[in-house]
Amino acid sequence: MTRDRRILLIVCALAAAVLGAWWASRLRAPAGRGIALAQGTLLVPARSIGALDLVDQYGQRFTEARLAGRWSVVYFGFTTCPMICPTTMAVLRDFAGRVRGLPPKSRPQVILITVDPAHDTPQVLGRYVAAFDPGFLGLSGTSAALDAAADKFSVARGPAASGGSIDHSATLFIVDPGAAVRAIFTPPHSAAALAEDYRRLAGRAVGG
């Protein structure tokens, strides 16, 4: 690996951490009743996402209705991301293995939503997420639809200063069966802590 590439990867990692911290500071929940999380920030009340109009890797429409009735873990990234995305996706793969033994209704769907619609077609996303876990979903769509989705999650993103890449927050979102963000997780991520917090959240009744 060249010196310039190492510097670029370090800059990307620092930028993702800063963006994640900035997002968390915007949406950090006020003090209130709730369970204690090991790593995540509980949102009280949970933040409704609203309408989505995306497409999964199978070409099927993905709206907010597909979030209702089950838990989800959502991440925004892109398939050509050099370090942050594959690292986060590997954490999600480990997390998925840790919660696979939960009852079917409590198992989450893990979703990657692209921030690079020019490159990440449904087919490209399908190959990418399947390399981590065949059960993961990859969502694409029009630039307008993806911008709207990122705004609903308050995801910070934009062109990298070095060009040819995309800076974006590495925040993970736990979405409850009411299609509302229940908790956020900023890096550095731990699959064990994420699984521990998820089990606590999924054990609560929606709206609790």
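Structure's up top.
Residues numbered from 1 in each chain as written. Predicted model: local features only at pLDDT ≥ 70, side-chain atom pairs only at ≥ 80, totals over all residues. Heavy atoms only, no water.

A.B. asks: Got a minute to help me understand the pattern of salt bridges in this structure?
C.D. replies: Any two side chains of opposite charge can pair, given that their charged atoms come close. Applying the stated rule across the entire model yields 7 salt bridges. Between arginine 66 and aspartate 56 there is a salt bridge whose closest N-O contact spans 3.0 Å. One end of the pair, arginine 66, is in the loop between strand S3 (61-63) and strand S4 (72-77); the other, aspartate 56, is in strand S2 (residues 53-56), and 10 residues separate them in sequence. Close ionic contact of arginine 200 with glutamate 196 constitutes a salt bridge, the shortest N to O distance being 2.5 Å. (Salt bridge = Lys/Arg side-chain N within 4 Å of Asp/Glu carboxyl O. Helix = DSSP H or I, 4+ residues; strand = E, 2+ residues; numbered from the N terminus.)

A.B. asks: Can you walk me through helix H5 (residues 191-202) in this structure?
C.D. replies: Three- or four-residue spacings in an α-helix give side chains the same orientation, since the helix completes a turn every 3.6 residues. Between its first and last C-alpha, H5 extends 16 Å over 12 residues, near the 16 Å set by a 1.5 Å rise per residue. Burial in H5 covers these residues: Ala191, Ala193, Leu194, Ala195, Asp197, Tyr198, Leu201 and Ala202. Contacts made by the buried residues of H5 are with strand S1 (41-48), helix H2 (84-98), strand S9 (172-175) and strand S10 (180-185). (Expected span 1.5 Å × (residues − 1). Buried < 20%, exposed > 50% of the residue type's maximum accessible area, 1.4 Å probe, protein only. Contact = heavy atoms within 4.5 Å.)

A.B. asks: Explanation requested: the sheet that holds S2 in the structure shown.
C.D. replies: Ordered in space as S1-S10-S9-S4-S5-S6-S2-S3, the 8 strands form an open sheet in which the pairing is mixed. Edge positions in the sheet fall to S1 and S3, since each has one partner strand and no second. Sheet twist, expressed as the average angle between the axes of neighbouring strands with direction ignored, equals 35 degrees. Both S2 and strand S6 (residues 137-140) contribute to a ladder of 2 bridges, which runs antiparallel. Residue pairing in the sheet places aspartate 56 in a bridge with leucine 139 of S6. Running over the sheet, helix H4 (residues 143-152) touches S2, S4, strand S5 (109-114) and S6 and is turned about 105 degrees from S2. (Pairing = 2+ DSSP bridges. Axes fitted to C-alpha atoms, helices over the stretch in contact; angles between N-to-C directions.)

Note that all results are geometric; they support no functional claim without further evidence.
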